[in-house]
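Residue-level structure breakdown
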Amino acid sequence: MTQTVNSSLSRRDARRREQVAVFSIAEYSFVISAASIQEIRNTDSLGGTVVDLDRPVLRKVRHIVERDARSYYVVSGYEHFHLPPSRPTTVLILRDAPVAVLVDRIEEMAEMRVLLALPQSFRGEERTWYRGLTVLDRKVLPVANPLGFLTTRELQQIEEQNPGLLESASMRKERERV
Amino acid sequence: MNAEKSSLVPSFVVFHVGARRVALSRDIVAELIASPFLYSFPHTTPLIASVVLRRGRIVPVLDLGPGILGAASPPARFFLVVERRLSNISERCAIPVQGECELVSGIMLPATGQDEFVAGCLDLNGEQIDILDLEKAIEAGARMEESLIPAAEAKS
């Protein structure tokens, strides 16, 4: 995995590389490690597998989606980044978190050569949202933290208000397969 | 004044934030840059409008307008790169400035106004120029911007 460097590029760090997906939400582009993505789907193909949360406690999470006997909380990308409403057409199903992120579209797959630390002047939620910043095609882009879409505290909150929903959805799916 | 004496007189960079002419100690000013590419992405930190990529470094652009003018600065072509001293590190940031910057020598006199972010003042040919305490000006701006957000949300 690309290591974070202290807000500056250097020849040594330029040698480390990481495959990434570039996605967009509203007018912004973001980067996420390809290794953190389990699946990329069109939102139209998810129709029958989406279940509403009984008690949505976070504005950005209102549904769960079932995929291959696992369930994922669907996080609205524009709500997560406090952006104006956009038209998501793509969902990124993450590998190491029970999270599926709605994004407008995938722009490209690329190779990230450097990961720069977010300057300390940034002190808000972005410190959780991003692993750092990178430079692709001479543009500075934020690198999304896959574990930042739903923090441990947020997951706890949803699970407290919707006890067993994630597990029961997965079990129901498993029974259907049997 | 001989060279030895002049080196003891502190230097200041005088510049405009909006219509207000202010100064910063020369010691914390790194450079002045013109028309850099500005990159923005979602975040929640007050005052930061964008970042610039400067010699391989990410430099946040921090608008001092809300703190010292009470409103965002007008669009700028020039940016003064200064060294912030955060808790245990120093970090460069770029301040949008309007018009010309001047490098002047002078003695810092006690502040006369009420602004907490003014460390002192400089007499420049009879004109009193406020010398900023950068961190206090940033804090004041952040407070101002944060106080405007609930008002804007209440309106919408």
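It should be emphasised that the depicted structure is a prediction, and the values quoted were computed from it without experimental measurement. (Residues numbered from 1 in each chain as written. Chains lettered and ligands numbered in written order. Predicted model: local features only at pLDDT ≥ 70, side-chain atom pairs only at ≥ 80, totals over all residues. Heavy atoms only, no water.)

The subject of this paragraph is the sheet that holds strand β7 (residues 70–76) of chain A. Residue and element names in this part refer to chain A. Pairing is mixed across the open sheet formed by six strands, whose spatial order is β4-β8-β9-β7-β6-β5. Taken across any chain shown, the strands that pair with only one partner, and hence form the sheet edges, are β4 (37–42) and β5 (50–52). Each adjacent strand pair in this sheet contributes to an overall mean axis angle of 30°, direction not counted. (Pairing = 2+ DSSP bridges. Helix = DSSP H or I, 4+ residues; strand = E, 2+ residues; numbered from the N terminus. Axes fitted to C-alpha atoms, helices over the stretch in contact; angles between N-to-C directions.)

Turning next to the interface of chain B and chain A. Facing 21 residues of chain B, the contacting portion of chain A comprises 27 residues. The junction of chain B with chain A conceals about 1,900 Å² of combined surface from both sides, 68% of it contributed by carbon and sulfur atoms. For chain B, the biggest contributors to the area lost against chain A are Phe41, Pro42 and Ile58 of chain B; these three give 34% of the whole. Along the contact surface separating chain B from chain A lie one salt bridge. Arginine 123 of chain A serves as the salt-bridge partner of glutamate 146 of chain B, at 3.9 Å between the closest nitrogen and oxygen. Only β4 (48–54), β5 (57–62) and α3 (134–155) of chain B provide two or more residues apiece to the side of chain B that touches chain A. Of the residues in the side of chain B that touches chain A, the class split is 12 nonpolar, five polar and four charged. (Contact = heavy atoms within 4.5 Å. Buried area = accessible area lost by both parts, 1.4 Å probe. Salt bridge = Lys/Arg side-chain N within 4 Å of Asp/Glu carboxyl O. Nonpolar A, V, L, I, M, F, W, Y, C, P; charged D, E, K, R; others polar.)

Inspection of the secondary structure puts aspartate 44 of chain A in the loop between β4 and β5. Residues aspartate 44 of chain A and leucine 92 of chain A, 48 residues apart in the sequence, show an inter-C-alpha distance of 13 Å.

Aromatic ring pairs are defined here through the distance separating the ring centres and the angle between the ring planes. Enumeration over the complete set of coordinates arrives at eight aromatic pairs over all chains. For the pair phenylalanine 23 of chain A and phenylalanine 30 of chain A, a centre-to-centre distance of 5.3 Å together with 15° between the ring planes defines the contact as stacked. According to the relative accessible area criterion, phenylalanine 30 of chain A is buried, its value standing at 0%. Chaining the aromatic ring pairs together yields one cluster made of Phe23, Phe30, Phe81, Phe122, Trp129, Tyr130 and Phe149 of chain A together with Phe41 of chain B. (Phe/Tyr/Trp six-rings, centres within 6.5 Å; stacked < 30°, edge-to-face > 60°. Buried < 20%, exposed > 50% of the residue type's maximum accessible area, 1.4 Å probe, protein only.)

Take the confidence of the model for chain B next. Residue and element names in this part refer to chain B. With 90% of its residues at a pLDDT of 70 or more, chain B has an overall mean of 89. Taken element by element, chain B is modelled with least confidence in helix α1 (residues 3–6), mean pLDDT 52, and with most confidence in strand β1 (residues 11–17), mean pLDDT 97. Model confidence for the complex: the whole-complex pTM is 0.86, and ipTM, which rates the interface, is 0.86. (pLDDT = per-residue confidence, 0-100.)

For the rest of this paragraph, the subject is the pairing of strand β2 (residues 18–25) of chain A. Each regular strand displays side chains that alternate between the two surfaces of the sheet. All names here are of chain A. The element β2 is extensively covered by neighbouring structure, given that seven of its eight residues are classed as buried. Where β2 meets strand β10 (residues 105–112), seven bridges bridge the pair, whose relative direction is antiparallel. Among the inter-strand pairings, glutamate 18 is bridged to a residue of β10, identified as methionine 112. Count of turn residues in the β2/strand β3 (residues 28–33) antiparallel hairpin: two residues, of which alanine 26 carries a positive phi of about 55°.

All names here are of chain B. Relative to the helices and strands, arginine 77 resides in the loop between α2 (65–68) and β6 (78–85). Arginine 77 sits in the exposed class, given a relative accessible area of 52%. Sequence-wise, arginine 77 and valine 97 are 20 residues apart; in three dimensions their C-alpha atoms are separated by 7.5 Å. Dropping the residues within four chain positions of it, arginine 77 is found in contact with Ile33, Ala34, Ser35, Pro36 and Val97.

In this structure the tally under the stated criterion is 18 salt bridges over all chains. Ionic pairing is found between aspartate 115 of chain B and arginine 20 of chain B, a salt bridge with its closest N-O pair at 3.0 Å. Residue aspartate 115 of chain B is found in the loop between β7 (90–105) and β8 (118–124), and its partner arginine 20 of chain B is found in strand β2 (residues 20–25); the two are separated by 95 residues along the sequence. Residue arginine 84 of chain B pairs with glutamate 135 of chain B through a salt bridge whose shortest N-O separation is 2.7 Å. Placement of the pair is arginine 84 of chain B in strand β6 and glutamate 135 of chain B in helix α3, with a sequence separation of 51 residues. Three or more residues joined by partner-sharing salt bridges are found here, namely Arg17, Glu111 and Arg113 of chain A.

Here we come to the environment of valine 13 of chain B. All names here are of chain B. Structurally, valine 13 can be placed in strand β1. For valine 13 and leucine 103, which are 90 residues apart along the polypeptide, the C-alpha to C-alpha distance reads 4.6 Å. Those residues in contact with valine 13 that lie beyond four places of it in its chain are Val22, Ala23, Leu24, Arg26, Val29, Leu80, Cys101, Glu102 and Leu103.

What follows deals with unusual backbone geometry. All names here are of chain A. One non-glycine residue, aspartate 68, adopts positive backbone phi at about 45°. Here aspartate 68 is to be found in the loop between β6 (61–67) and β7. Taking relative accessible area as the criterion, aspartate 68 reaches 54% and is therefore assigned exposed. Located in the positive-phi region is arginine 138, a residue other than glycine, with phi close to 65°.

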